Amino acid sequence: MTMTPSDRAERELKNLEAVAGNGLLHRRAFLRGGAALAGAMTGYTLVPSAFGQQLADDAWSLVPGVPVPDYGTRSRFENNVVRTLTNPKGEPRTQHARTPHHLLNGTFTPNGLHFVISHAGDPDIDPDKHRLVIHGLVKQPLVFTLDALARYPMVSRMAFVECGGNSAPLFSLEPIQASVQALHGLVSCAEWTGVPLSTLLDEAGIDPKAKWIVAEGGDPPHLSRSVPLAKAMDDAMIALYQNGERIMPGNGYPMRLLLPGWEGNMNTKFLRRIQVTDQPGMTFYEARTYAPVLPGGKAYRFYFIQEVKSFITHPSPGLALKGPGFYEISGLAYSGDGRIAKVMVSADGGKSWAQAALQQPVLNKAFTRFRVPWRWDGGPAVLQSRAWDEAGYEQPTRAQLVAARGETTRVPAVTGFPSQHYNAITSWSIERGGEVKHVYA
Amino acid sequence: MYTRSLLGFAVTLTLALSARVAFAQTPNLGKPISPADIAAWDINVLPDGSGLPPGSGTPADGARIYAAKCSACHGPEGKGGVNGRLVGGDPIKTIEAEKTIANFWPFATTLFDYIRRAMPWPKPRSLTNEEVYALTAYILSLNKLIGENDTMNAQTLPKVRMPNRDGFIVRFPDRTP
């Protein structure tokens with residue numbers, strides 16, 4: 001009897017070393033197993049069945065195709081890959097558009113799928129009329145046009161932007177059944193290009209009494225946030241481009257403040273004014289909204305940093321496993337304190353851990369994709385990921401986070417924000433039929 | 001714990017410095033602008049009261065403006081509307097408790113600043129400074145944070161003591177000037 005490629009793959013797989021409980025394999029198992037192993041992988045959405053059909057030319061390869069459009073959009077077969085909206089009619093309340101992480105792969109977010117939070121809709125800004133003013137505790141107040149800024153030396157960098165309220169449903173006392181998009185969809189990652197803010201502040205001449213900047217947008221709420229001057233002079237950028245094209249309206253067109261690794265709301269969109277000050281503004285969003293309440297009733301103020309975090313995107317709720325066999329567990333890790341140093345993955349609810357492979361290059365304050373090969377035996381499993389960053393911070397367990405930050409007394413709406421800055425572990429339970437559920441473990 | 005991140009920082013600094021050497025002369029394409037020309041945009045009010053404009057308003061003035069421009073969304077007398085209540089609020093006991101002006105906001109200046117920049121929601125920046133003072137006075141008075149006849153102006157507003165003024169812990173003291 002001759003050996004089929006899948007028999008061969010099975011044999012190679014049996015020789016692979018399991019490095020942690022419930023079938024987690026060594027992170028380089030795929031490289032070692034080679035093509036045969038890749039062939040034996042079971043997709044999350046494919047139904048495995050023998051291919052008992054003769055190949056033939058399909059209709060689309062027998063006629064000329066459609067003309068190339070001047071601005072490309074994805075295949076119509078991908079039209080289900082969309083953000084979820086909380087307020088599609090733009091009623092007088094905040095709108096949220098969440099990134100579908102379970103339907104994407106890689107490390108950056110396509111512009112049309114970048115998350116957006118908008119407090120009164122996206123303004124329709126004419127870039128020729130937009131101005132950026134720098135004033136306050138400076139030697140010379142200055143006003144910049146977009147044309148002027150476009151002539152400055154620029155820098156490009158990958159950076160995630162995350163809402164301070166991302167993952168807030170995990171403060172619920174009971175796990176809320178929802179997709180990774182609903183639970184963690186308020187974070188995205190893009191390549192941003194623009195002018196270092198330090199260049200412009202240097203040109204205006206900072207007064208020695210200055211300690212903060214207050215940044216303001218030209219959107220209807222004129223959203224404003226205070227940023228310590230040290231951050232403004234470190235890696236802050238006036239971003240003009242997002243993944244190579246001009247910033248999307250929802251992400252701040254024609255310019256936004258980019259504060260790599262810091263709370264999304266502080267990355268002021270539609271940036272029109274920077275006042276250099278000796279004190280923080282205590283604006284609505286820092287005095288009230290982004291001040292998470294702690295058990296006992298006090299609240300945190302100036303929760304600047306989006307701390308080290310990771311979650312598994314594949315598999316995740318809605319991406320069921322189609323039968324026992326081989327899968328790649330993959331997900332996203334990031335930290336506002338620097339690069340990701342290590343991600344560990346467990347398939348037995350945290351009893352044993354395997355080190356995940358990190359997709360290179362691992363960039364500072366940007367998404368890092370991690371991957372681990374896994375052989376699912378069809379039995380119950382609880383998947384978790386846990387990340388460490390180069391500053392030495394460790395992603396907390398949910399129990400650790402809740403001990404310090406509390407949890408709700410009732411199950412909140414999945415779209416609600418019972419608190420903020422949840423960066424603890426997320427657990428997915430694999431049920432017998434391959435369905436994925438959100439659990440606390 | 002910080003050693004490695006400091007190292008990263010040092011590297012960035014060196015690069016930034018060499019970049020500055022390369023462009024020793026930055027473009028200087030910003031145009032000088034006078035405070036008078038910034039005035040219409042210069043709307044930040046800081047907790048010590050700097051940035052507060054001339055003018056004043058009383059709760060009685062505010063009540064009339066509120067009925068016309070705010071109550072449709074925030075309810076008569078600041079409660080019972082479709083949008084956030086502006087009056088009252090239970091003491092905060094759970095992490096998900098509703099935050100209100102009375103139980104949470106640490107500075108009264110924030111109220112003036114926010115109304116002036118963002119409200120009324122459908123027509124922001126349509127209120128005069130006098131109207132903003134009056135609405136601020138009205139809402140503070142409904143919350144019993146000032147008297148019914150108190151006038152709010154650049155001197156009185158920053159002195160209003162908010163109940164939750166000391167209810168906060170700075171999360172990252174080493175990064176907060």
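Residues numbered from 1 in each chain as written. Chains lettered and ligands numbered in written order. Predicted model: local features only at pLDDT ≥ 70, side-chain atom pairs only at ≥ 80, totals over all residues. Heavy atoms only, no water.

**So, the domain arrangement of chain A**
Residue and element names in this part refer to chain A.
Thinking step 1. In terms of domains, chain A is made up of domain 1 (131–289) and domain 2 (309–439).
Thinking step 2. Centre-to-centre separation of domain 1 and domain 2, based on C-alpha positions: 28 Å.
Thinking step 3. Looking only at domain 1, the three residues that lose the most surface to domain 2 are Leu170, Phe171 and Leu173, adding up to 25% of its buried area.
Thinking step 4. Between domain 1 and domain 2 we count two salt bridges in total.
Thinking step 5. Linking lysine 309 and glutamate 162 is a salt bridge whose minimum nitrogen-to-oxygen distance equals 2.8 Å.
Thinking step 6. Remark: the boundary between domain 1 and domain 2 carries 16 residue pairs in polar contact (both at pLDDT 80 or more).
Thinking step 7. Breaking the side of domain 1 that touches domain 2 down by element, the ones donating at least two residues are strand S8 (155–162), helix H4 (180–184) and strand S9 (187–196).
Thinking step 8. Among the elements that line the side of domain 1 that touches domain 2, the one with the most residues is S8, at five residues.
Thinking step 9. Considering only residue class, the side of domain 1 that touches domain 2 consists of 18 nonpolar, eleven polar and six charged. (Domains from an automatic or database assignment. Buried area = accessible area lost by both parts, 1.4 Å probe. Salt bridge = Lys/Arg side-chain N within 4 Å of Asp/Glu carboxyl O. Polar contact = N/O pair within 3.5 Å; in protein donor to acceptor, adjacent residues only side chain to side chain. Helix = DSSP H or I, 4+ residues; strand = E, 2+ residues; numbered from the N terminus. Nonpolar A, V, L, I, M, F, W, Y, C, P; charged D, E, K, R; others polar.)

**Here we look at the packing of aromatic side chains**
Thinking step 1. Applying the stated criterion across every chain yields a total of 20 aromatic pairs over all chains.
Thinking step 2. Plain terms: the ring middles of phenylalanine 284 of chain A and tyrosine 285 of chain A are 4.9 Å apart, the flat faces sit at 85 degrees to each other, and that makes the pair edge-to-face. Each member of the pair, phenylalanine 284 of chain A as well as tyrosine 285 of chain A, is classed as buried.
Thinking step 3. With a centroid separation of 6.4 Å and an interplanar angle of 35 degrees, the aromatic rings of tyrosine 285 of chain A and tyrosine 290 of chain A are classed as tilted.
Thinking step 4. The class of tyrosine 285 of chain A is buried, set by a relative accessible area of 5%.
Thinking step 5. On the basis of relative accessible area, tyrosine 290 of chain A is assigned to the buried category, the value being 7%.
Thinking step 6. One aromatic cluster is present, formed by Phe284, Tyr285 and Tyr290 of chain A together with Trp105 and Tyr114 of chain B through successive ring pairs.
Thinking step 7. For arginine 171 of chain B, the ring lying beneath its charged end belongs to tyrosine 300 of chain A, and the centroid distance is 5.2 Å.
Thinking step 8. If you follow arginine 171 of chain B out to its NZ or CZ, it ends over the ring of tyrosine 303 of chain A, 4.8 Å from the centre. (Phe/Tyr/Trp six-rings, centres within 6.5 Å; stacked < 30°, edge-to-face > 60°. Buried < 20%, exposed > 50% of the residue type's maximum accessible area, 1.4 Å probe, protein only. Lys NZ or Arg CZ within 6 Å of the ring centre and 35° of its normal.)

**Considering the pairing of strand S19 (residues 340–346) of chain A**
Looking along a regular strand, one sees the side chains alternate between the two faces of the sheet.
All names here are of chain A.
Thinking step 1. Burial analysis of S19 places five of its seven residues in the buried class, the great majority of the element.
Thinking step 2. With two bridges connecting them, S19 and strand S20 (residues 354–355) associate as antiparallel partners. Across the sheet, valine 345 pairs through a bridge with alanine 354, a residue of S20. (Pairing = 2+ DSSP bridges.)

**Some points on the interface of chain A and chain B**
Thinking step 1. Counting residues at the interface gives 77 residues for chain A, matched by 54 residues for chain B.
Thinking step 2. Together chain A and chain B conceal approximately 5,900 Å² of surface at their shared face, both sides included; 60% is due to carbon and sulfur atoms.
Thinking step 3. Summed over the shared surface of chain A and chain B, the result is four salt bridges.
Thinking step 4. Glutamate 307 of chain A is paired through a salt bridge with arginine 171 of chain B; the nearest N and O atoms lie 2.9 Å apart.
Thinking step 5. Counting across the chain A and chain B interface gives 27 residue pairs in polar contact (both at pLDDT 80 or more).
Thinking step 6. At the level of secondary structure, the elements contributing two or more residues to the side of chain A that touches chain B comprise strand S6 (131–136), strand S7 (142–145), helix H5 (197–204), strand S10 (212–217), strand S11 (224–228), strand S15 (271–277), helix H7 (284–289) and strand S16 (299–301) of chain A.
Thinking step 7. At five residues, H7 of chain A tops the list of elements feeding residues into the side of chain A that touches chain B.
Thinking step 8. The class makeup of the residues in the side of chain A that touches chain B is 37 nonpolar, 20 polar and 20 charged.
Thinking step 9. Relative to strand S4 (residues 168–170) of chain B, S16 of chain A runs parallel, the two sharing three bridges. When the sheet's bridge partners are listed, tyrosine 300 of chain A is paired in S4 of chain B with isoleucine 169 of chain B. (Contact = heavy atoms within 4.5 Å.)

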